[in-house]
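# Examination of the molecular architecture
For reference, the chains in residue letters:
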Amino acid sequence: MIKWADIIRFTNKGNPTPDKRVEKTPEEWKQLLTPEEFQVARLKGTERSFSSELCSLFDPGIYECKCCGTLLFDATEKFESGTGWPSFTQPLKENAIAYHADKSYGMIRVEVVCNTCDAHLGHVFPDGPEPSGLRYCINAISLSKIKE
């Protein structure tokens, strides 16, 4: 189980090695994504809070990266955070997510990206439920859900 200390270590000392890498030019990503998906996933945008039905859906399944299909989160780790974005306590695998310091907007946060293709997913915070205490606050538009 990943804890906040692990997140800080990854952020400061380097991320786990991904199983594979997917790299495309911005033009190639634009051909695969809608303009809104491109803005959020490739340009580090943020969707409006409460703009997706994924916030309130808790059916079984797996969530994958909208850009490259990497499996990221299991619905069993999803919880209602009240923030307006889907929230998870753990990624599916330790090396599915990469962590980067984000000092934008006068704040210090930890950005989470797909470790396979660098798609911006959202941020992780140390205010989630136990036992991990983590809240991965994820843009729904960066995810696709696979039904179980």
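Note that the structure is a prediction, hence the values are computed from the model and not measured.

Here Thr-70 lies in the loop between β1 (61-65) and β2 (71-74). Look past the residues within four positions of Thr-70 in its chain and what remains in contact with it is Lys-20, Tyr-63, Glu-64, Cys-65, Cys-114 and Thr-116.

On to the sheet that holds strand β4 (residues 87-88), then. Within the open sheet, the six strands sit side by side as β3-β4-β8-β7-β6-β5. Their pairing is antiparallel. Here the strands that pair on one side only, and so sit at the sheet edges, are β3 (78-79) and β5 (97-102). Alignment of β5 against strand β6 (residues 109-114), held across six bridges, turns out to be antiparallel. Within the sheet, the bridge partner assigned to His-100 lies in β6 and is Glu-111. Contacting β5, β6, β7 (120-125) and β8 (135-138), helix α1 (residues 4-13) crosses the sheet at an angle of about 75° to β5.

Volume-wise, the largest pocket comes out at about 310 Å³. Together, 18 residues line the largest pocket, and Gly-45, Thr-46, Arg-109, His-120 and His-123 are the ones closest to its centre. Elements with a minimum of two residues in the lining of the largest pocket: β6, β7 and β8. The element contributing the most residues to the lining of the largest pocket is β7, with five residues. Each residue belonging to the lining of the largest pocket can be placed in one class, and the counts come to seven nonpolar, seven polar and four charged.

Per the counting criterion, the structure on display carries eight salt bridges. A salt bridge links Asp-102 to Arg-109; the nearest nitrogen and oxygen atoms lie 3.2 Å apart. Look at the salt bridges and you will find they share partners, linking Arg-21, Glu-23 and Asp-118 into a network.

About the criteria used
Just so you know, the residues in each chain are numbered from 1, in the order the chain's sequence is written. Residue-level local features of this predicted model are given only where pLDDT is at least 70; pairs of side-chain atoms are given and counted only at 80 or more, and the full residue set underlies all totals for whole chains, interfaces and linings. Note that water and hydrogens are dropped before the side-chain values are worked out from all heavy atoms of the structure. What counts as a helix is a DSSP run of H or I of at least four residues, what counts as a strand is a run of E of at least two, and both are numbered from the N terminus. In what follows, residue pairs with any heavy atoms lying within 4.5 Å of each other are defined as contacts. Strands were regarded as paired on the criterion that DSSP finds at least two bridges between them. Lines fitted to C-alpha atoms define the axes here, with helix axes fitted over just the stretch in contact, and angles between the N-to-C directions of these axes take values from 0 to 180 degrees. Lining residues are defined by having an atom within 4 Å of a point belonging to a cavity or pocket. Those points lie on a 1 Å grid over the protein atoms alone, cavities being sets where a 1.4 Å probe fits but cannot get out and pockets being open sets with protein on both sides within 12 Å along at least five of seven lines. Grid points are joined across faces, edges and corners, and a volume is the space filled by probe spheres set on the points. Three classes are used, and their members are as follows: Ala, Val, Leu, Ile, Met, Phe, Trp, Tyr, Cys and Pro are nonpolar, Asp, Glu, Lys and Arg are charged, and the others, Gly among them, are polar. Throughout this description, the term salt bridge denotes a Lys or Arg side-chain nitrogen within 4 Å of a carboxyl oxygen of Asp or Glu.

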